[in-house]
Amino acid sequence: MKLPNFDGSQLCAQVDPELFFPERGDNTISKVAKAICAECPFKKPCAEYALHFEIRGIWGGTSEQDRNVLARKRGITRRVVVSLDMIKEPSETPAAQAKRRARARKQSSAQGAA
Ligand code: SF4
């Protein structure tokens, strides 16, 4: 199971990535993230990918709890992220990409101002 080929058009790359990592029980933020996912062209492959790994956050309109239920229903054994390679891949979530880009933009504008 590979990470979908995110090309920058994923909607979470255009909003605050923190929306996709709500605190446990924060249903308001989860609903906002899920509504964004509902309009995203990557919704299906994103949800399918996340269903196979034990990873945090909202992916493809599903929460960790949603994925636990779905995985049980479909008999999917979710992979625990244990190796460095696996950590590398899930850490580069669409939201993580957006966060990294925002940090780089901030740095470059700070350097431009200096
Ligand atoms: S988490 Fe997945 S489905 Fe949701 S906006 Fe990002 S890429 Fe799209």
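Visitor: Can you walk me through the site of the ligand in this structure?
Guide: Taken together, 14 residues lie near the ligand, and Q10, C12, C37, C40 and C46 sit nearest. The set of elements that each furnish at least two residues to the shell around the ligand consists of α1 (27–38) and α2 (43–51). When the residues that make up the shell around the ligand are grouped by side-chain class, the tally is 11 nonpolar, two polar and one charged.

Visitor: Where do I start with α1 in this structure?
Guide: Across its 12 residues, α1 extends 16 Å between first and last C-alpha, which sits within 8% of the 16 Å expected from 1.5 Å per residue. Those residues of α1 not exposed but buried are S30, A33 and C37. Looking straight down α1, one finds that the buried residues subtend no more than 65° of arc, so they occupy a single side. Facing away from the buried side of α1, by more than 90 degrees, are the exposed residues T28, K31, A35 and A38. Of the surrounding elements, those touching the buried residues of α1 are α2.

Visitor: Whenever I open this one, the nonpolar core confuses me. Can you help?
Guide: Inside soluble globular proteins, nonpolar side chains tend to come together where they are buried. By size, the foremost hydrophobic cluster in this structure holds 14 residues, and its most contacted members are C12, F20, A33, C46, A50, I58 and W59. In terms of residue count, α2 provides more of this core than any other element does, four residues in total. Those residues within four positions of W59 in sequence are excluded, and the remaining contacts are C46, A47 and A50.

Scoring rules and cut-offs
Residues numbered from 1 in each chain as written. Predicted model: local features only at pLDDT ≥ 70, side-chain atom pairs only at ≥ 80, totals over all residues. Near = placed C-beta within 6 Å. Helix = DSSP H or I, 4+ residues; strand = E, 2+ residues; numbered from the N terminus. Nonpolar A, V, L, I, M, F, W, Y, C, P; charged D, E, K, R; others polar. Expected span 1.5 Å × (residues − 1). Buried ≥ 20, exposed ≤ 12 C-beta atoms within 10 Å, placed from the backbone. Arc of directions from axis to C-beta. Contact = placed C-beta atoms within 7 Å. Core = buried A, V, L, I, M, F, W, Y, C linked by C-beta atoms within 7 Å.

Distances and angles like these do not, on their own, reveal function.
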